[in-house]
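# Structural description and commentary
Spelled out, the chains give:
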Amino acid sequence: MGILFKQYLSGDKIYTCSQCKTHCTEHSQLISKAFQGRHGRAYLFSDVVNITVGPREDRMLITGLHTVADIYCITCNSVLGWKYEVAYEESQKYKEGKFILEKAKVMKEGSW
């Protein structure tokens, strides 16, 4: 399958995969904590690393129809959340290209 290359983040507040502790994003990338995921609360981030992106699909969410793609940890393949590809309502366009990480799927690491 090849060599797995992971990015290690150097910030003091890091979100990691709750299953394998692979670094996902830094606290500085957090946009909002006011989101809902499949398993409860979720966070919106501007950038996430060490993921693979699944196939795109249309999904009816609380805020309307969006085209999203599930995101997976590159180490353990756990579903961490999703990436917003397309938002059909004008008021939701700010989400395009952003990432949802579900609170139940990530852990905080560092000096919180």
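In what follows, the structure referred to is the one given above.
Conventions we followed
Residues numbered from 1 in each chain as written. Predicted model: local features only at pLDDT ≥ 70, side-chain atom pairs only at ≥ 80, totals over all residues. Heavy atoms only, no water. Helix = DSSP H or I, 4+ residues; strand = E, 2+ residues; numbered from the N terminus. Contact = heavy atoms within 4.5 Å. Pairing = 2+ DSSP bridges. Axes fitted to C-alpha atoms, helices over the stretch in contact; angles between N-to-C directions. Phe/Tyr/Trp six-rings, centres within 6.5 Å; stacked < 30°, edge-to-face > 60°. Buried < 20%, exposed > 50% of the residue type's maximum accessible area, 1.4 Å probe, protein only. Lys NZ or Arg CZ within 6 Å of the ring centre and 35° of its normal. Polar contact = N/O pair within 3.5 Å; in protein donor to acceptor, adjacent residues only side chain to side chain. Core = buried A, V, L, I, M, F, W, Y, C linked by side-chain atoms within 4.5 Å.

What follows covers the side chain of Lys-95. Topologically, Lys-95 is positioned in the loop between β7 (79–87) and β8 (99–102). When sequence neighbours within four positions are dropped, the list of residues in contact with Lys-95 reads Phe-35, Thr-63, His-66 and Tyr-84.

On the basis of which strands lie adjacent, the open sheet formed by three strands has the order β2-β1-β9 and antiparallel pairing. The open sheet has two edge strands with one neighbour each: β2 (23–26) and β9 (106–110). Mean inter-strand twist for the sheet, computed between neighbouring axes without regard to direction, equals 35°. Here three bridges tie strand β1 (residues 13–17) to β2, and the two strands are oriented antiparallel to one another. Considered in β2, the bridge of Ile-14 is made with Glu-26.

Attention now goes to the sheet that holds strand β6 (residues 64–73). Whether parallel or antiparallel, the strands of a sheet pair through hydrogen bonds between backbone atoms. Taken in spatial order, the six strands line up as β3-β4-β8-β7-β6-β5 in an open sheet, and their pairing is antiparallel. Unpaired on one side and paired on the other, β3 (30–37) and β5 (51–61) mark the two borders of the sheet. Along the sheet, successive strands turn relative to each other by an average axial angle of 30°, direction set aside. Pairing of β5 with β6, which is carried by nine bridges, proceeds in the antiparallel orientation.

Turning our eyes to something else, we now look at the packing of aromatic side chains. For any pair of aromatic rings, the description consists of the separation of the ring centres together with the inter-plane angle of the planes. Tallied over the full model, the rule gives four aromatic pairs. Ring centres of Trp-82 and Tyr-84 lie 6.2 Å apart, and the angle between their planes is 80°; this geometry places the pair in the edge-to-face category. With relative accessibility at 3%, the residue Tyr-84 sits in the buried group. Following the ring pairs from residue to residue traces out a cluster consisting of Tyr-15, Tyr-43 and Phe-45. The ring of Trp-82 has Arg-59 sitting right over it, with the charged end atom 5.7 Å from the ring centre.

Let's shift gears to the side chain of Thr-67. Locating Thr-67 in the fold gives a position in strand β6. Residue Thr-67 is classed as buried on the basis of its relative accessible area of 6%. Within the structure, Thr-67 has its side chain in polar contact with the side chain of Asp-58 (distance 2.6 Å). Residues contacting Thr-67, with those up to four places away along its chain left out, are Arg-56, Glu-57, Asp-58, Lys-83, Tyr-84, Glu-85, Val-86 and Tyr-88.

Judged by nonpolar contacts, the single largest core of 13 residues is most densely connected at Cys-24, Phe-45, Val-48, Ile-51, Ile-71, Leu-80 and Leu-101. Those elements that provide at least two residues to this core are β1, β4 (40–45), β6 and β8. If we ignore the near neighbours within four places in the chain, the residues touching Leu-80 are Cys-17, Cys-24, Ile-51, Ile-71, Tyr-72, Cys-73, Ile-100, Leu-101, Glu-102 and Lys-105. If you look at the next biggest cluster of nonpolar residues, it comprises eight residues, including Phe-35, Trp-82, Tyr-84 and Ile-100.

We now examine the pairing of β6. With eight of ten residues buried, β6 lies mostly within the body of the structure. Taking the residues between adjacent antiparallel strands as the criterion, β5 and β6 are bridged by two residues. Of the pairings in the sheet, the one linking β6 to β7 comprises seven bridges and is antiparallel in character. From the neighbouring strand, Asp-70 faces β7, where its bridge partner is Trp-82. Taking the residues between adjacent antiparallel strands as the criterion, β6 and β7 are bridged by five residues, where Asn-77 takes a positive phi near 70°.

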